[in-house]
Amino acid sequence: MKIKYLPVLCAAALCFCSLSGCGKNAQPLSKTDFYFDTVITITLYDDGQLTAKRTDDLFENCFALCETYENMLSRTKEGSDIWNLNHAHGNPVEVNPETAALLQKALSYCEATNGAVDITIAPLSSLWNFSSDSLTYENTPDRLPSDKQIKDLLTHVDYRNIRIDGSTVTLLDPCAAVDLGCIAKGYIADRLKTYLKEQGVHNAIINLGGNVLTVGGRPDGSAFRLGIQKPFDQNGSPIAVLAVTDASLVSSGVYERYFELDGTRYHHLLNTKTGMPEHNGLASVTILSDSSADGDILSTSCFLLGLEDGMAYAESLPGIEAVFITEDHKLYPTSGLSGLLQKP
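Summarised in this report is the structure supplied together with it.

About the thresholds
- Residues numbered from 1 in each chain as written.
- Predicted model: local features only at pLDDT ≥ 70, side-chain atom pairs only at ≥ 80, totals over all residues.
- Heavy atoms only, no water.
- Phe/Tyr/Trp six-rings, centres within 6.5 Å; stacked < 30°, edge-to-face > 60°.
- Helix = DSSP H or I, 4+ residues; strand = E, 2+ residues; numbered from the N terminus.
- Buried < 20%, exposed > 50% of the residue type's maximum accessible area, 1.4 Å probe, protein only.
- Lys NZ or Arg CZ within 6 Å of the ring centre and 35° of its normal.
- Contact = heavy atoms within 4.5 Å.
- Pairing = 2+ DSSP bridges.
- Axes fitted to C-alpha atoms, helices over the stretch in contact; angles between N-to-C directions.

### Quick word on the packing of aromatic side chains
- Counting across every chain of the model gives six aromatic pairs.
- Geometrically, the ring pair formed by F232 and Y255 is edge-to-face, given 6.1 Å between the ring centres and 75° between the ring planes. Here F232 is found in the loop between β9 (224-229) and β10 (238-245), whereas its partner Y255 is found in the loop between β11 (248-253) and β12 (258-261), with 23 residues between them in sequence.
- The exposure class of F232 is partly exposed, given its relative accessible area of 27%.
- In this structure Y255 comes out as buried when scored by relative accessible area, which is 12%.
- Put simply, the rings of Y35, F36 and F63 touch in pairs and so form one group of aromatic residues.
- Between R160 and the ring centre of Y159, over which it is positioned, the NZ or CZ distance is 6.0 Å.
- Taking the ring centre of Y187 as reference, the NZ or CZ of R191 above it sits at 4.8 Å.

As structure tokens, this is what we get:
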């Protein structure tokens, strides 16, 4: 992972900034589709070696990979590994070796954070149902879960109830359920990057609904400029910009999926001890890392740990940098970003 300072330009939130201006022979070629309940955009830079046929094949294969992994890792796709696991009533389930490895990786973060992030949060995620468009409407008191509902479901949130033996996974609690939403998009972005590099692509941007992963930098040797969204900004304006080469930038924030009721904001980042949206003074956490899977789950983990503990956790991890943004829009970067984070 390489980062360096570049002058700040206007940028969209957590996406590439100023795609133009990188040379006549390096025009960006993009294609967009919809997977994982979000918009996916792959951008390739034509360095003179991308024929129209080859570019079409690369795009087609990238989105085919997205579909493959969605059908494998989504908890809502009937027949996926995670759907089968969640509907097995505690019986062992044979899953794809990649699924087992990703579950194991996620569990290592659950353990490291003492359950602050917990991939068995699915029962509560389903209860709150922040993926439903109806939750964006205000004044919907019937949408609030009851204290009893939350308390009952909390008894089934415990990552220690997952057992993995090779490619066989068992939920020891038959009422437990897994949600890989905190790591799956990052993992898929990593797989897409691996594929593109295997195909000889040296300059690209993979944007999975805000999970941004770069392949190299620009063909002229300069870095990509990635913007970090200003929380709740209606235009998606950046609050800061980083110059990034061959790295991942992932944010988790209270502005992504939420609704408001009687002056209170209810967002999708749930405290695994209370079952309620976490209100700790943070608006977002952005992780800069080599691996997008790591960045994905760490952005959630560090947010849920809060500013002090989350900062300490991020600082303890090699190759990881973070930017914490509080509700009053103050920025707190880790020490490795000193002098590299620029406000617009």
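### Side note on the environment of L153
- Along the chain, L153 turns up in helix α5 (residues 147-154).
- A relative accessible area of 23% places L153 in the partly exposed class.
- Apart from residues lying up to four places away in sequence, L153 is in contact with P123, L124 and L127.

### Thoughts on the sheet that holds strand β2 (residues 28-35)
- Taken together, the eight strands give an open sheet; going across it, the order is β2-β3-β7-β8-β11-β14-β15-β16, and neighbouring strands pair in antiparallel fashion. In this open sheet, the two edge strands, each paired with only one partner strand, are β2 and β16 (331-333). Direction aside, the axes of adjacent strands within the sheet are offset by 10° on average.
- Against the sheet, helix α7 (residues 292-305) contacts β8 (211-215), β11, β14 (282-289) and β15 (321-326), and its axis sits at roughly 155° relative to β14.

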